[in-house]
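Inside the fold
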Amino acid sequence: MSRRNKAKRRPINPDPIYNSKLISMLTVRILKNGKKGLAQKIIYEALDIIKERTKNDPLEILEKAIRNATPLVEVKARRIGGSTYQVPMEVRAYRGTNLALRWITKFAIVRTGNSMSNKLANEIIDSSNENGNTIRKKEETHRMAEANKAFAHYRY
């Protein structure tokens, strides 16, 4: 087991405006070259866009999007006797949230559009409505785990 698992994780400070830890985690995913102010500005603009479009609380929609995008199982490569198996493993809560946030930002970046806040807002809205690339990625991960269920006994 790596040292990372034994060491305590850094505490996540909630963001200043919404007082939410999720938004802080999202800020870190969007962060580039240490420009945290810019990353926060992008996120707050995206949340404003979400509020305009859906007429709902943007935080609830973000939470719903992350809930919809969080995978329950994933596959990990495991070498046994010279061959590599894709072993399905359950995802812990923190890692699941992390993966969901990572996918949302990744697919927001590759989306077509003009501003990052617009693209992020669209991706979050899509995820909360259970469509879009993030959800497709989650379903693909689940399919891979399902297909490799035969190797589940190699779990470690």
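Residues numbered from 1 in each chain as written. Predicted model: local features only at pLDDT ≥ 70, side-chain atom pairs only at ≥ 80, totals over all residues. Heavy atoms only, no water.

By the naming in an unreviewed UniProt entry, the chain is Small ribosomal subunit protein uS7c, taken from Thuretia quercifolia. What UniProt records for the chain under Function (unreviewed entry) is the sentence "One of the primary rRNA binding proteins, it binds directly to 16S rRNA where it nucleates assembly of the head domain of the 30S subunit." (UniProt positions renumbered as here; feature names shortened; annotations may be inferred.)

**A look at the environment of R111**
With respect to the helices and strands, R111 occurs in the loop between α5 (93-110) and α6 (116-128). Since its relative accessible area comes to 23%, R111 is described here as partly exposed. The spacing of R111 and E60 is 51 residues in sequence and 23 Å in space, taken between C-alpha atoms. If sequence neighbours within four positions are ignored, R111 has contacts with K119, N122, E123 and D126. Side-chain polar atoms of R111 contact the side chain of D126, separated by 2.9 Å. (Helix = DSSP H or I, 4+ residues; strand = E, 2+ residues; numbered from the N terminus. Buried < 20%, exposed > 50% of the residue type's maximum accessible area, 1.4 Å probe, protein only. Contact = heavy atoms within 4.5 Å. Polar contact = N/O pair within 3.5 Å; in protein donor to acceptor, adjacent residues only side chain to side chain.)

**What to know about helix α2 (residues 21-30)**
Among the 10 residues of α2, seven are classified as buried, and the element is accordingly described as predominantly covered. For α2, the set of buried residues is L22, I23, S24, M25, L26, T27 and I30. Elements in contact with the buried residues of α2: α3 (36-54), α4 (58-69), α5 and α6. Between the side-chain oxygen of the N-cap and the backbone nitrogen of L22 there are 3.2 Å, and the N-cap of α2 in question is S20.

**Describing the layout of surface pockets**
Of the voids in this model, the second largest pocket is the one considered here, and its volume is about 170 Å³. Residue lining of the second largest pocket: R29, I30, L31, K32, K35, L38, A39, I42, I109 and M116, and that is the complete set. Every element with two or more residues in the lining of the second largest pocket is listed here: α2 and α3. Residue composition of the lining of the second largest pocket, by class: seven nonpolar, no polar and three charged. (1 Å grid on protein atoms, 1.4 Å probe; cavity = no way out; pocket = protein on both sides within 12 Å on 5 of 7 lines; lining within 4 Å. Points joined across faces, edges and corners; volume = space filled by probe spheres on them. Nonpolar A, V, L, I, M, F, W, Y, C, P; charged D, E, K, R; others polar.)

**Concerning the pattern of salt bridges**
Tallied over the full model, the rule gives four salt bridges. Note that E74 is salt-bridged to R95, the shortest N-O span being 2.9 Å. Note that E74 is positioned in strand β1 (residues 73-80) and R95 in helix α5, a separation of 21 residues in sequence. With relative accessibility at 9%, the residue E74 sits in the buried group. Taking the shortest distance from any N to any O, the salt bridge between E146 and K149 comes out at 3.1 Å. (Salt bridge = Lys/Arg side-chain N within 4 Å of Asp/Glu carboxyl O.)

**A word on the nonpolar core**
Counting residues in each nonpolar core, the largest one holds 29 residues, and the members touching the most others are L26, I30, L120 and I124. Breaking this core down by element, the ones donating at least two residues are α2, α3, α4, α5 and α6. In terms of residues, this core owes the most to one element, α3, which gives eight residues. Look past the residues within four positions of L120 in its chain and what remains in contact with it is L26, I30, I42, I43, A46, I104 and A108. (Core = buried A, V, L, I, M, F, W, Y, C linked by side-chain atoms within 4.5 Å.)

**Considerations on α6**
Along its 13 residues, α6 runs 18 Å from first to last C-alpha, staying within 8% of the 18 Å computed at 1.5 Å per residue. The buried fraction of α6 amounts to 10 of the 13 residues, a majority that puts the element mostly inside the structure. For α6, the elements touching its buried residues are α2, α3, α4, α5 and α7 (133-147). A positive phi of about 60° marks E130, the residue just after α6. (Expected span 1.5 Å × (residues − 1).)

**Notes on the packing of aromatic side chains**
The full count for this structure, using the stated rule, is four aromatic pairs. Seen in terms of ring centroids, Y85 and F151 are 4.6 Å apart; in terms of plane orientation they differ by 35°. Their pairing is tilted. You can see Y85 sitting in strand β2 (residues 83-90) and its partner F151 sitting in the segment after α7, a full 66 residues away along the chain. Since its relative accessible area comes to 24%, F151 is described here as partly exposed. (Phe/Tyr/Trp six-rings, centres within 6.5 Å; stacked < 30°, edge-to-face > 60°.)

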